[in-house]
Amino acid sequence: MNDQDVLQYFRDAGALLEGHFILTSGLRSPTYLQCAKVLMHPDKSAALCGELARRIVVALGPGAIDLVVSPAMGGVVVGYEMGRKLGCPAIFTERIEGAFALRRGFEIAAGARVLMAEDIVTTGMSSQECIACIHQLVGEVVAASCLIDRSDGKVDVGVPLFVLVGLEVPAYESDNLPPELAA
């Protein structure tokens, strides 16, 4: 599966949008990828996450991951599907008073080899916060993953980041918009 194949999944699902968008980070962008529109289709999420899991296994070897942990909300479906494809449990963190934490009886065993799985990385902030939570709970984050890296490899989340597609999608502060977005 190549970059164009992946992006076609987004186009077919009406999930590759153009306009003026305010991202979770607060940045503004002319392009938005709505992963939920793709992931709502089990066959599409299985294919995309299957390819991402395959790349991780090729790089790290079979059995290198004990647990998948994702940040809610965007990473929940991706995390579940990655766990299914990698043959290990998948759990998610949630924000409690502004910080990621585990709830719902989820636990991370000391020394568990963890994959942090996201849908999209833009600034890497959510990924870094989720990774910090995993470390605090004594898990060993061996890698991170996402379907789309909007920074095209510029963001460093502190561990190897496996991606299906890296895109250089511009993002701007609200007080520094180009004329076409300011309009």
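Refer to the structure presented above.
Presented here is an overview of the structure given in this document. The model shown is predicted, which means the values in this text are computed figures rather than measured ones.

Criteria and thresholds
- Residues numbered from 1 in each chain as written.
- Predicted model: local features only at pLDDT ≥ 70, side-chain atom pairs only at ≥ 80, totals over all residues.
- Heavy atoms only, no water.
- Phe/Tyr/Trp six-rings, centres within 6.5 Å; stacked < 30°, edge-to-face > 60°.
- Helix = DSSP H or I, 4+ residues; strand = E, 2+ residues; numbered from the N terminus.
- Lys NZ or Arg CZ within 6 Å of the ring centre and 35° of its normal.
- Buried < 20%, exposed > 50% of the residue type's maximum accessible area, 1.4 Å probe, protein only.
- Pairing = 2+ DSSP bridges.
- Right-handed = clockwise from strand over helix to strand, strands pointing away.
- Contact = heavy atoms within 4.5 Å.
- 1 Å grid on protein atoms, 1.4 Å probe; cavity = no way out; pocket = protein on both sides within 12 Å on 5 of 7 lines; lining within 4 Å.
- Points joined across faces, edges and corners; volume = space filled by probe spheres on them.
- Nonpolar A, V, L, I, M, F, W, Y, C, P; charged D, E, K, R; others polar.

1. Some points on the packing of aromatic side chains
So, point 1. Counting across every chain of the model gives two aromatic pairs.
So, point 2. Ring geometry for F92 against F106: centres 5.2 Å apart, planes inclined by 80°, an arrangement best described as edge-to-face. Taken together, the residues F92 in strand β4 (residues 90-96) and F106 in the loop between β5 (99-102) and β6 (113-121) connect sequence positions 14 residues apart.
So, point 3. Sitting over the face of the ring of F100, R95 holds its NZ or CZ atom 4.2 Å from the ring centroid.

2. Here's the deal with the pairing of strand β3 (residues 67-71)
A regular strand carries its side chains on alternate faces of the sheet.
So, point 1. In terms of residue burial, β3 counts as a mostly covered element, since five of its five residues are buried.
So, point 2. A two-sided burial pattern is seen for β3, the buried positions comprising L67, V69 and P71 on one face and V68 and S70 on the other.
So, point 3. Strand direction decides the pairing type here: β3 and β6, joined by three bridges, are parallel. Directly across from L67, in β6, lies its bridge partner V114.
So, point 4. As judged from the four bridges shared by β3 and β4, these two strands associate in the parallel manner. Note that in β4 the partner of V69 across the bridge is I91.
So, point 5. Handedness of the crossover joining β3 and β4 through helix α4 (residues 76-86): right-handed.

3. Examining the side chain of E51
So, point 1. When you line up the elements, E51 lands in helix α3 (residues 42-60).
So, point 2. Setting aside residues no more than four positions away along its own chain, E51 makes contact with M1 and L164.

4. Observations concerning the layout of surface pockets
Empty space among the atoms becomes apparent when a probe as large as a water molecule is rolled across them.
So, point 1. Here the largest pocket defines a volume of roughly 690 Å³.
So, point 2. In terms of residues, the lining of the largest pocket owes the most to one element, β6, which gives four residues.
So, point 3. Residue composition of the lining of the largest pocket, by class: 16 nonpolar, 10 polar and four charged.

5. Details of unusual backbone geometry
So, point 1. Following A72, the chain continues to M73 via a peptide bond in cis, the omega torsion being 5°.
So, point 2. Looking at the secondary structure, you find M73 in the loop between β3 and α4.
So, point 3. One non-glycine residue, E97, lies in positive phi territory at about 50°.
So, point 4. Within the secondary structure, E97 is located in the loop between β4 and β5.
So, point 5. Residue V138 is not a glycine yet carries a positive backbone phi of 65°.
So, point 6. Mapped onto the elements of the fold, V138 is located in the loop between α5 (125-136) and β7 (140-149).
So, point 7. On the basis of relative accessible area, V138 is assigned to the partly exposed category, the value being 48%.

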